[in-house]
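For reference, the chains in residue letters:
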Amino acid sequence: MIVIARLTIQELVRRRVIWVLAALTVVSVILVGLGLDRLVSLARDGGTAELEIRIGVSQVLILIAFMFSFVLAMTAAFVGAPAIGGDLESGVALAILARPLRRAEFLIGRWLGSALVVVAYTAASALLAMGAAAAVSGYAPPDPILAVAFLSAQALVLLTLTLALGSVLPSIAAGAIAVVGFGLGWLAGVLAGVATAFGVGLLGQVAEASRWIFPSDGLWRGVIFGLEPPFVVLLAAGRVPRFADANPFYAAAPPPLPFVVWSIVWIVLVLGAASWWFRRRDL
Amino acid sequence: MSSPAIEFEGITKAYGRTTALDGLTLRIGRGELVGLLGPNGAGKTTAIKLILGLARPSGGSGRVLGAPLGDRAARARIGYLPELFRYQPWLHARDVLGLHAELAGVASARRTAAVDEALDWVGLTARAGDPVSGFSKGMQQRLGLGVALIGQPELILLDEPTSALDPVGRNDVRSIVRAARERGATVVLNSHMLSEVELVCDRVVILNHGRAVASGPLDEIVAVDGVRLHVSDLDEAGRSMLGAFGPLAVDGGWLTIRPLDPGRIPDVVAAIVAAGGRVHQVEPGRGSLEARFLELVAPPTQRPAGPDEPA
């Protein structure tokens, strides 16, 4: 398993995926820094209060994190889809799987190598972007590590689904299904909030159930909570809480512990199911 | 070491509604160099995949190196060159061999030597540091052969090992295969190239429609007595009547009956004449592997017409 994980990282290095991700990180961090610097300068020149600037920067960071979560979803799909499917389609897997290697070891090894790269990319990009924001605006999110942890978990959910689908479906189909699933999961989360706010019980329950079936949106709430300044939470608490909760860019609390545990179990279950199917598949 | 290298007992394999193996029974002893022959779709590659656990049988039973088919520990003692040979294009040749040495369980202290040895066997020492993406198809097949040989496996399964090689490469493969057998390995050579099999194998198994239709030492398979006759004016009923002497193959105006006791050749000629046919030529004798192969696997209607079909 470790051999396969190492091979996967080696592949991502030799195929320049890691270098491309590193370059994208540098470019995006520079753009975030320059953009925020300009915004903050304009706001200060216009006499905007420092608290308002901090609130503004925190919301821009949440918006950037939201867009970054889509970039991560695509990255996870591009890395995960061919990890198994590509090797099967090209025939590379035949020689490897003829060796004394369990198919589950191959699958988990591919997942582990891909996961390390995706998490490293997530952590580096997110922490550097938050560092750049702090340098130019003086605002630092309350819990950047928590935000990065949930962002990474969200990427791992996508990676797991894509890689699992790639072991039974063509890699292009696996990637497409996972990205569409990510979008639908986010949409279901928004619908759940809106339905709860307006008291549409059944729709809210269905949308809430979908959050548990595909936990990426629930994990997104953890990212927001890690980035949301406490004074915004305090301000929102003074309004009608159910309407505040309907906002897909606001979280008054992190995802509950059972949900976090379920997300880990979800990853294990999906990998387990994929291993089970993959073991029975004729190559 | 007493158990056979490969043992199939009534193995069946179906992919959906397609039957790839239909009760295949075969036995390959340790140290043998066996050619697995058959037309496209005969089940040769499927048989190899079942041995390696890359596919699972639908029925029957089998063993490899004394263990169940696909056994993980047994796979450590098997080298395999797939028909579709593809190796990580972003790795160097040395890295590919190192990876397979590690996966095969070659001790880390011996790995470098094992890689060098394999590179030398397949003539890739000078290209060891080159990426596989720059290799020609023939060089990739040489690399695949090195992968199959690394760690000196007890059983070597080569699926079409010369399909991308030039005559020099094919000659090299013959030397490599013979050397592997000399050190005690069992080699199964799955090939369409009958001449290759004739040159190196001491036993052949011919598959057709998922079954073994012939199996034995090359001399025995080829050395089957029969007769080839050039005949005209013989109607369908007359031809059918000749089936009583043995399996009949029709190739234009040529009829072949094999196997056939040589003592019965005059009876065959008499029967043709009695049925109104005219006999222009009689060729008693033994066939080549190709002729024998065609007799066993191709239905008469699919055989090419003879060059001089009588009126």
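Rules used in this analysis
Residues numbered from 1 in each chain as written. Chains lettered and ligands numbered in written order. Predicted model: local features only at pLDDT ≥ 70, side-chain atom pairs only at ≥ 80, totals over all residues. Helix = DSSP H or I, 4+ residues; strand = E, 2+ residues; numbered from the N terminus. Buried ≥ 20, exposed ≤ 12 C-beta atoms within 10 Å, placed from the backbone. Contact = placed C-beta atoms within 7 Å. Rg over C-alpha atoms; globule rule 2.2 N^0.38 Å. Pairing = 2+ DSSP bridges. pLDDT = per-residue confidence, 0-100. Nonpolar A, V, L, I, M, F, W, Y, C, P; charged D, E, K, R; others polar. Axes fitted to C-alpha atoms, helices over the stretch in contact; angles between N-to-C directions. Parallel < 35°, antiparallel > 145°, perpendicular 65-115°, else oblique. Left-handed = near helix turned anticlockwise from the far one by under 90°.

So, about the overall build of chain B. From N to C terminus, chain B includes 11 helices and 14 strands. Along the first, second and third principal axes, the C-alpha set of chain B runs to 75 × 40 × 35 Å. Classification of the 311 residues of chain B by burial places 40% in the buried group. When contacts within chain B are restricted to residue pairs at least 6 apart in sequence, long-range pairs at least 24 apart make up 70% of them.

On to the overall build of chain A. Scanning chain A for helices and strands turns up 12 helices and zero strands. Helices and strands in chain A line up, N terminus first, as α-α-α-α-α-α-α-α-α-α-α-α. Taken against the 2.2 N^0.38 rule, which gives 19 Å for 283 residues, the C-alpha radius of gyration of chain A at 20 Å falls within 12% of a compact globule. Projected onto the principal axes, the alpha-carbon positions of chain A cover approximately 70 × 45 × 25 Å.

Strand order in the open sheet formed by four strands is S2-S1-S4-S5 (chain B), with antiparallel pairing between adjacent strands. Single-partner strands in this sheet number two, and they are strand S2 (18-28) and strand S5 (67-68) of chain B.

In the Ramachandran plot, Arg16(A) falls in the positive-phi region, its phi being about 65° despite a non-glycine side chain. Take Arg16(A): it is sitting in the loop between helix H1 (2-14) and helix H2 (17-45). With 12 C-beta atoms counted inside 10 Å, the residue Arg16(A) sits in the exposed group. One non-glycine residue, Asp233(B), adopts positive backbone phi at about 60°. Relative to the helices and strands, Asp233(B) is located in the loop between strand S11 (225-232) and helix H9 (236-242).

This part takes up the environment of Ala253(A). Residue and element names in this part refer to chain A. Here Ala-253 is to be found in the loop between helix H11 (241-245) and helix H12 (257-280). A count of 10 C-beta atoms within 10 Å places Ala-253 in the exposed class. With 32 residues separating them along the chain, Ala-253 and Arg-221 place their C-alpha atoms 8.1 Å apart.

All names here are of chain B. Sheet topology places strand S1 (residues 6-15) next to strand S4 (residues 59-64); five bridges connect them, and they run antiparallel. Paired with Thr-12 across the two strands is Gly-59, which belongs to S4. Where S4 meets S5, two bridges bridge the pair, whose relative direction is antiparallel. What sits directly across from Val-64, in S5, is Ala-67. In this antiparallel pair of consecutive strands, S4 and S5, the connection spans two residues, and Leu-65 shows a positive phi of 50°.

This part takes up the confidence of the model for chain B. Residues and elements named next belong to chain B. With 94% of its residues at a pLDDT of 70 or more, chain B shows a mean pLDDT of 88. pLDDT under 50 marks residues 301-311. Its contacts with residues more than four places away, or in other chains, come to 17 contacts. Here the predicted complex carries an ipTM of 0.81, next to a pTM of 0.83.

This part is about the interface of chain A and chain B. On the side of chain B, 24 residues touch chain A, which itself brings 19 residues to the contact. Those elements giving two or more residues to the side of chain A that touches chain B turn out to be H1 and helix H4 (92-97) of chain A. If you tally residues by element for the side of chain A that touches chain B, the top one is H4(A), at five residues. Taken together, the residues of the side of chain A that touches chain B sort by class into 11 nonpolar, two polar and six charged.

Attention now goes to the sheet that holds strand S10 (residues 211-217) of chain B. Each strand in a sheet pairs with its neighbour through backbone hydrogen bonds, running either in the same direction (parallel) or in the opposite one (antiparallel). Residues and elements named next belong to chain B. Read across the open sheet, the six strands follow the order S6-S7-S8-S3-S9-S10; overall the sheet is mixed. The sheet terminates laterally at strand S6 (78-81) and S10, the two strands that pair on one side only. Strand-to-strand twist across the sheet, computed as the mean angle between neighbouring axes with direction ignored, equals 15°. Two elements, strand S9 (residues 203-208) and S10, share six bridges in a ladder whose sense is antiparallel. Looking at the pairing, Val-205 lines up with Ser-215 of S10.

Here we come to the packing of helix H6 (residues 144-166) of chain A against helix H7 (residues 171-197) of chain A. Residues and elements named next belong to chain A. Where H6 meets H7, the closest approach of the two axes is 8 Å, and the angle between their N-to-C directions is 150°. Viewed along their axes, H6 and H7 adopt a mutual orientation that is roughly antiparallel. Read as a crossing pair, H6 and H7 show a hand that is right-handed. Every residue of H7 that contacts H6 at Leu-158, Leu-161, Thr-162, Leu-165 and Gly-166 is listed here: Ser-171, Ala-174, Gly-175, Ile-177, Ala-178, Gly-181 and Phe-182.

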